[in-house]
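Geometric and topological summary
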Amino acid sequence: MTENRSSAFPSLGFLGRFGRSADLRALDKALREVDLHPNLMPEAVKLTLVKLLREAAPARPETCDYEEAAALAAYCMIGPDAFSSVNNPVLARQQERRIEAALEEEGSLDGQIILLTLHAKLVHPAVIETFQLSSEET
C-alpha cells in the first residue's frame, strides 16, 4: 500500500494486523501531551476530529493542528480546573478565548470541535455552565 493510499482515510487497525493511521497516532500523541489519555476519547470522536482537521487544512494537517485540536477537546472534556492544574494556566486561558471566539464565529473549526464534544456528551459540566453551551439551535 502506498503512503498516499494509506493516508487517504484514518484507520483503526484490524486484529492487530494493520496499524493505526498516522493521523490517529498524531492525535493520540497530542492528547497525551495535554494529559488526556487517548482511551478517554471514543474512537468515533477521534475519527470525526481527524476528518474535521483534514477538511480545514489545505494540505495534510500539521502536528500543531493536532496539538491545538487536542488542547481544545481536552479542555472541554476535563474542565477548566483539571486542565489548568495539569497544563500551563496560560494554555487554559487560550482555550477559553478559543471557545469565546468560536461562539461568535459560526462554522469555525473550533466551533465544530466544541460541538463534536458536546454531541458526544463529553463536555465537562463546568464548561457547559461557564460558556452556556447548548447543541440546540435557537
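Please read all numbers here as calculations on a predicted model, not as lab measurements. (Residues numbered from 1 in each chain as written. Predicted model: local features only at pLDDT ≥ 70, side-chain atom pairs only at ≥ 80, totals over all residues. Heavy atoms only, no water.)

Before going further, it helps to examine the confidence of the model for the chain. In this model, the chain carries a mean pLDDT of 88, and residues with pLDDT of at least 70 account for 86%. Taken as a whole, residues 1-7 scores under 50 in pLDDT and shows five contacts with residues more than four places along the chain or in a different chain. (pLDDT = per-residue confidence, 0-100. Contact = heavy atoms within 4.5 Å.)

Here we come to the packing of aromatic side chains. By the definition in use, this model includes one aromatic pair. Both rings, one in Tyr75 and one in Phe83, keep their centres 5.5 Å apart while their planes meet at 70 degrees; by these two values the pair is edge-to-face. Each of the two residues, Tyr75 as well as Phe83, counts as buried. (Phe/Tyr/Trp six-rings, centres within 6.5 Å; stacked < 30°, edge-to-face > 60°. Buried < 20%, exposed > 50% of the residue type's maximum accessible area, 1.4 Å probe, protein only.)

It is worth spelling out the pattern of salt bridges at this point. As enumerated under the stated definition, the model contains nine salt bridges in all. The salt bridge involving Lys29 is made with Glu33; its shortest N-O contact spans 3.1 Å. One end of the pair, Lys29, and the other, Glu33, are both in helix α2 (residues 22-33), four residues apart, so they sit about a helical turn from each other. A salt bridge links Asp110 to Arg98; its shortest N-O distance comes to 2.7 Å. One end of the pair, Asp110, is in helix α6 (residues 109-119); the other, Arg98, is in helix α5 (residues 89-104), and twelve residues separate them in sequence. Of the two residues, Asp110 and Arg98, both sit in the buried class. Look at the salt bridges and you will find they share partners, linking Asp23, Arg54 and Arg60 into a network. (Salt bridge = Lys/Arg side-chain N within 4 Å of Asp/Glu carboxyl O. Helix = DSSP H or I, 4+ residues; strand = E, 2+ residues; numbered from the N terminus.)

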